[in-house]
Amino acid sequence: MLRVLAVDDEKPLLEELLYLLRSDPRISSAEGASDATGALRRITRALESGPEGPDGIDVVFLDIQMAGLTGLDIARLLTGFARPPLIVFVTAHEGFAVQAFDLKAVDYVLKPVRPERLAEAVRRARALLGRPDGAEPETAAARAGAAAGAGAAAGAGAIERGPEQIAVELGGVTRFVAIADIAYVEAQGDYARLHTDEGSHLVRIPLSTLEERWAARGFVRIHRRHLVALGRIDELRMDAGTTSVRVGSSELQVSRRHARHLRDLLMRQATG
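Our subject in this report is the structure included herewith. (Residues numbered from 1 in each chain as written. Predicted model: local features only at pLDDT ≥ 70, side-chain atom pairs only at ≥ 80, totals over all residues. Heavy atoms only, no water.)

1. Description of the overall build of the protein
Each helix and strand counted, the protein has eight helices and 16 strands in total. Looking at the protein as shown, the accessible area adds up to about 13,800 Å², and 52% of this sits on carbon and sulfur atoms. (Helix = DSSP H or I, 4+ residues; strand = E, 2+ residues; numbered from the N terminus. Areas by Shrake-Rupley, 256 points an atom, 1.4 Å probe, with all protein chains shown as cover.)

2. Side note on the pairing of strand 5 (residues 107-110)
Both faces of strand 5 are covered, namely the face carrying Asp107 and Val109 and the face carrying Tyr108 and Leu110. Pairing geometry for strand 4 (residues 86-91) and strand 5, over four bridges, is parallel. Residue pairing in the sheet places Val90 in a bridge with Val109 of strand 5. In this region the chain leaves strand 4, passes through helix 4 (residues 97-102) and returns to the parallel neighbour strand 5; the handedness of that crossover is right-handed. (Buried < 20%, exposed > 50% of the residue type's maximum accessible area, 1.4 Å probe, protein only. Pairing = 2+ DSSP bridges. Right-handed = clockwise from strand over helix to strand, strands pointing away.)

3. As for the nonpolar core
Counting residues in each nonpolar core, the largest one holds 27 residues, and the members touching the most others are Val7, Val60, Leu62, Ile74, Phe89 and Tyr108. Mapped onto this core, the elements with two or more residues apiece are strand 1 (2-7), helix 2 (36-49), strand 3 (59-62), helix 3 (71-78), strand 4, helix 4 and strand 5. Those residues within four positions of Val60 in sequence are excluded, and the remaining contacts are Leu5, Val7, Ile43, Pro85, Leu86, Ile87 and Val88. In this structure, Val4, Ala6, Leu17 and Ala121 belong to the second largest nonpolar core, which totals 22 residues. (Core = buried A, V, L, I, M, F, W, Y, C linked by side-chain atoms within 4.5 Å. Contact = heavy atoms within 4.5 Å.)

4. Brief notes about the sheet that holds strand 5
Pairing within the open sheet is parallel, and its five strands lie in the order 2-1-3-4-5. Edge positions in the sheet fall to strand 2 (27-33) and strand 5, since each has one partner strand and no second. Adjacent strand axes in the sheet meet at a mean angle of 20 degrees when their direction is disregarded. When strand 1 meets strand 2, the two strands line up parallel, connected through six bridges. Directly across from Val4, in strand 2, lies its bridge partner Ala30. Docked against the sheet, helix 1 (residues 11-22) engages strand 1, strand 2, strand 3 and strand 4, running at close to 170 degrees with respect to strand 2. (Axes fitted to C-alpha atoms, helices over the stretch in contact; angles between N-to-C directions.)

5. Brief notes about the packing of helix 2 against helix 3
One can describe the packing of helix 2 onto helix 3 by two numbers: an axis separation of 11 Å at closest approach and a directional angle of 20 degrees. Judged by the angle between their axes, helix 2 and helix 3 are roughly parallel. In the crossing of helix 2 with helix 3, the sense of the turn from one axis to the other is right-handed. In this structure, helix 2 uses Ala36, Ala39, Leu40, Ile43 and Leu47 to contact helix 3, whose residues at the interface are Ile74, Leu77 and Leu78. Residue composition of the contact of helix 2 with helix 3, by class: eight nonpolar, no polar and no charged. (Parallel < 35°, antiparallel > 145°, perpendicular 65-115°, else oblique. Left-handed = near helix turned anticlockwise from the far one by under 90°. Nonpolar A, V, L, I, M, F, W, Y, C, P; charged D, E, K, R; others polar.)

6. Notes on the pattern of salt bridges
A complete count under the given rule lists 20 salt bridges for this structure. Across the pair Glu164 and Arg217 runs a salt bridge, and its minimum N-O distance is 3.9 Å. Linking Glu164 in the loop between strand 6 (159-161) and strand 7 (165-170) with Arg217 in the loop between helix 7 (207-214) and strand 12 (219-223), this pair joins segments that are 53 residues apart in sequence. Judged by relative accessible area, Glu164 falls into the partly exposed class, the value being 48%. Judged by relative accessible area, which is 32%, Arg217 ranks as partly exposed. (Salt bridge = Lys/Arg side-chain N within 4 Å of Asp/Glu carboxyl O.)

7. Re helix 5 (residues 115-128)
Between its first and last C-alpha atoms helix 5 spans 20 Å; for 14 residues at 1.5 Å apiece the expected length is 20 Å, and the two agree. Of all the positions in helix 5, only Arg117, Leu118, Ala121, Val122, Arg124, Ala125, Arg126 and Ala127 are classed as buried. Of the residues one or two after helix 5, Gly130 is the one with positive phi, at around 75 degrees. (Expected span 1.5 Å × (residues − 1).)

Below, the structure is given as structure tokens:
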């Protein structure tokens, strides 16, 4: 069972969020805070108590745009602690997703909150804490060990649907993106942004994992931050010892360690 704190400076939205959380049988207690000051006071008490203590909090459901400190500010403060509660952002704005996931958020739920979407956020939090639905860990040590394994699985946030598509999610909506439509991938912390002609999609999966999975599909690493579909490269540019490629309207730098291999691949493709 989870102990949670909901934080929102709009009282009706806070009450609605608390109602939904208290309706979930996987949650043993749900407290509310209507501003950042109250939230920090309650979180401080939880940190002093410890995760297993009587005042502990497992998950904070946190609004982003609030008067004074924002939800992102609170999350940054919590990164300085050894065992902070997990963070689920609950916001009306899509534009903070990258910052949220950089702060190791468990999930990013868009308002208006749908019960089934909130239930999924609770499921992910339980998985990271080693409490998958239908089971509870036997000991604190078991919970910690399970969390390490669950973090890798639940943190992916994207699955491949058959051999040709990858599922991406934002705000409870799952979209299936054709891998052939992806021009390049950009690393953003432990996450990756897939760039297509129509836009981009953030997935919770490391660039190194996509590099390994998609090598046979013609994706090549050109930089620590970029993975590119070889067939989508329009130009290779070399100037004053630097190398870059043009992919559509984007110009991407090629690191020195990848430049020679990329040139060889492009030459083989052109002559082959």
